[in-house]
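Summary of structural features
Chain residues, written in single-letter form:
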Amino acid sequence: MKEEGQLGKTASKTPGQVIVVTSGKGGVGKTTTAAAVATGLALRGHKTVVIDFDVGLRNLDLVMGCERRVVFDFINVINGDAKLNQALIRDKRIETLYVFPTSQTRDKDALKPEGVANVMQQLREGYDYIVCDSPAGIERGALTALYHADSAIIVTNPEVSSVRDSDRILGILAAKSRRAELNQQPVKEHLLLTRYSAGRVASGEMLSIDDVKEILSVPILGVIPESESVLRASNTGTPVILDDASPAGRAYEDAVARLLGEQRELRFVAPARKSLFRAIFGRA
Amino acid sequence: MRILDFLFPKRPASGATAAIAKERLQLVLAHERAGREGAEILPLMKRELLSVIAKYVAIKEDMIQVKLGRDGSASVLRINVEFDGGRRPKRARM
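Residues numbered from 1 in each chain as written. Chains lettered and ligands numbered in written order. Predicted model: local features only at pLDDT ≥ 70, side-chain atom pairs only at ≥ 80, totals over all residues. Heavy atoms only, no water.

Considerations on the overall build of chain A
Note the following rule: Numbered from the N terminus, helices here are DSSP runs of H or I no shorter than four residues, and strands are runs of E no shorter than two. Taken over C-alpha atoms, the radius of gyration is set against a globule rule of 2.2 Å times the number of residues to the power 0.38. Think of it in three bands: residues with accessible area under 20% of the maximum for their type are buried, residues over 50% are exposed, and the middle band is partly exposed, with areas taken using a 1.4 Å probe on protein chains only. Note on contacts: a residue pair is in contact if any heavy atoms of the two residues lie within 4.5 Å.
For chain A, the count of helices and strands is 14 helices and eight strands. Computed over C-alpha atoms, the radius of gyration of chain A comes to 19 Å, within 12% of the 19 Å expected from 2.2 N^0.38 for 284 residues, which places it in the range of a compact globule. Structurally, chain A occupies a C-alpha span of about 65 × 40 × 35 Å along its principal axes. Counting all 284 residues of chain A, 52% fall into the buried class. Restricting to contacts in chain A with at least 6 residues of sequence separation, those with at least 24 account for 73%.

Take a look at the structure:
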């Protein structure tokens, strides 16, 4: 499978697909998701680059574990101070994965639209997938991140403010993307529910998958269970999808498979059955 | 205690707040979406209305107002058209 994909990458001359990971609300798991999805695509042999659009608040490098290898960044490339290839960091674990770090400048307007368009064009030519990690909010940075998207992963927590903000960002995707401006096929929308707690859903404390799907009317790409492994992964700079012992890692793997058109049942969405032993002796 | 919890699990009713969350979200989003759609449609509608009216009477762009509002639970579209000169102003409402 993997070799097939890698052959495909050199042979394919079709332009790469741009996927934006966005949410409106902050802290819902955009960077975790961007890192996991990009890593998952690369694991399947697709030449993939993941870009940090959060100017001034660079964090993708930490989550990807390459923070000490950043030399040039997005703004350097846009300003012509560095070539694209000089700024791209090749992942040490996966051959087909690259990280494009953002700048720590405080100038929020540093991502000039023509410069970004130029970079995206070059990346489309050289990569199969370009994963854009959007900043939170609906300001310039978030708009820049979603502008070039062919498809979007809307990261949502099953919680009122996150769902509302997701609805807002869906409206913006439909109106302000490049595809909308050029009257092309609309950006393909995928909903990714993160920090899902099946137990709390079962006891009626948390919005269910069906609730969120009904409210937002966007197809579900995946459901990532609340998991301790996510913090462990970011502590060590390892995308959580590489932790195949963790439910979150496996749920991301499923989501990537669905993104590529595979049919997979949702896992980890039923409450964990408490064993009699654990119930009595209280080992969680 | 844990044995008791297991044998007699707590009733979910007191903590079952997800239904409230869903209802509140559906309400607030219905309002927000209506506003958003209006923002896109209204300028187009105004332009078309203007071109139709201009066929029959002299009219300038600032003489027509199209507004989406609400009246209780119903959405109300208000269209106000002003006319120049001695003609009496005509008010259309739908």
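Quick notes on the packing of aromatic side chains
Residue and element names in this part refer to chain A. Definition in use: Stacked, tilted and edge-to-face are the three classes assigned to paired rings of Phe, Tyr and Trp, where Trp is represented by its six-membered ring and a pair needs centres within 6.5 Å; plane angles under 30 degrees give stacked, over 60 edge-to-face, the rest tilted. Working rule: Lys NZ or Arg CZ, within 6 Å of ring centre, within 35 degrees of ring normal, means a charge sits over the ring.
Summed over the entire model, instances satisfying the criterion amount to three aromatic pairs over all chains. Look at F53 and F74: their rings are 5.3 Å apart centre to centre, the planes differ by 75 degrees, and that puts the pair in the edge-to-face class. Here F74 lies in helix α4 (residues 74–78) and F53 lies in the loop between β2 (48–52) and α3 (60–64), a separation of 21 residues in the sequence. Measuring from ring centre to ring centre gives 5.5 Å for Y98 and Y127, while their planes differ by 80 degrees; the resulting arrangement is edge-to-face. Of the two residues, Y98 sits in strand β4 (residues 97–100) while Y127 sits in the loop between α6 (113–126) and β5 (129–133), which places them 29 residues apart along the sequence. Accessibility assignment for this pair places Y98 and Y127 in one class, buried. Aromatic rings pair up to connect F53, F74 and F100 into one cluster. Between K47 and the ring centre of Y127, over which it is positioned, the NZ or CZ distance is 4.6 Å.

Some remarks on the confidence of the model for chain B
The predicted coordinates should not be examined in detail at positions where pLDDT is low. All names here are of chain B. Short version of the rule: Values of pLDDT, which run from 0 to 100, indicate the predictor's confidence residue by residue.
For chain B, the mean per-residue pLDDT works out to 77, and 73% of the residues sit at or above 70. Within chain B, no element has a lower average pLDDT than strand β3 (residues 90–93), which sits at 53, and none a higher one than helix α2 (residues 18–54), at 87. Reported confidence for the predicted complex is 0.83 by ipTM and 0.81 by pTM.

Details of the layout of surface pockets
All names here are of chain A. Definition in use: Cavities and pockets were defined on a 1 Å grid built from protein atoms only: a cavity is a group of points that admits a 1.4 Å probe but offers it no way out, a pocket is an open group of points flanked by protein on both sides within 12 Å along at least five of seven lines, and a lining residue is one with an atom within 4 Å of any such point. Grid points are joined across faces, edges and corners, and a volume is the space filled by probe spheres set on the points. Any residue that is not Ala, Val, Leu, Ile, Met, Phe, Trp, Tyr, Cys, Pro, Asp, Glu, Lys or Arg is counted as polar, Gly included; the first ten are nonpolar and the last four charged.
Considered as a void within the structure, the second largest pocket measures approximately 480 Å³ in volume. Lining the second largest pocket are 26 residues, with G27, V28, G29, K30 and T32 positioned closest to its centre. Counting only elements with at least two residues in the lining of the second largest pocket, the list comes to α2 (30–43), α3, β7 (188–196), β8 (220–225) and α12 (228–236). Split into classes, the residues belonging to the lining of the second largest pocket amount to eleven nonpolar, nine polar and six charged.

Side note on the pattern of salt bridges
To keep things clear, this is the line we draw: Salt bridge criterion: a side-chain nitrogen from Lys or Arg within 4 Å of a carboxyl oxygen from Asp or Glu.
Scanning all chains against the criterion turns up 19 salt bridges over all chains. With a closest N to O distance of 4.0 Å, A:R58 and A:D73 form a salt bridge. Of this pair, A:R58 sits in the loop between β2 and α3 while A:D73 sits in the loop between α3 and α4, and the two are 15 residues apart along the sequence. With relative accessibility at 18%, the residue A:R58 sits in the buried group. The salt bridge partner of B:K22 is A:E214, with a shortest N-O separation of 2.9 Å. Taken as a pair, B:K22 in helix α2 and A:E214 in helix α11 (residues 209–216) lie in two separate chains rather than in one. A relative accessible area of 48% means that A:E214 is categorised as partly exposed. Counted as one network, the salt bridges with shared partners bring together A:R44, A:E253, A:D254, A:E262, A:R264 and A:R267.

Observations regarding the confidence of the model for chain A
Scored by pLDDT, chain A comes out at a mean of 92, with 92% of its residues at no less than 70. The model gives residues 1–9 of chain A a pLDDT under 50, and that stretch makes eleven contacts with residues more than four places away or in other chains.

Considerations on the side chain of A:S227
Defined as follows: Here a polar contact means two N or O atoms within 3.5 Å. Within protein one must be a hydrogen donor candidate and the other an acceptor candidate, and residues neighboring in sequence count only if both atoms are side-chain atoms.
Tracing the backbone through its elements, the reader meets A:S227 in the loop between β8 and α12. In terms of polar contacts, A:S227 uses its side chain to reach the side chain of A:S229, at 2.5 Å.

A short note on the side chain of A:S162
Tracing the backbone through its elements, the reader meets A:S162 in helix α8 (residues 160–176). Not counting residues up to four positions away in its chain, the partners in contact with A:S162 are A:K25, A:V28, A:V155, A:T156 and A:N157.

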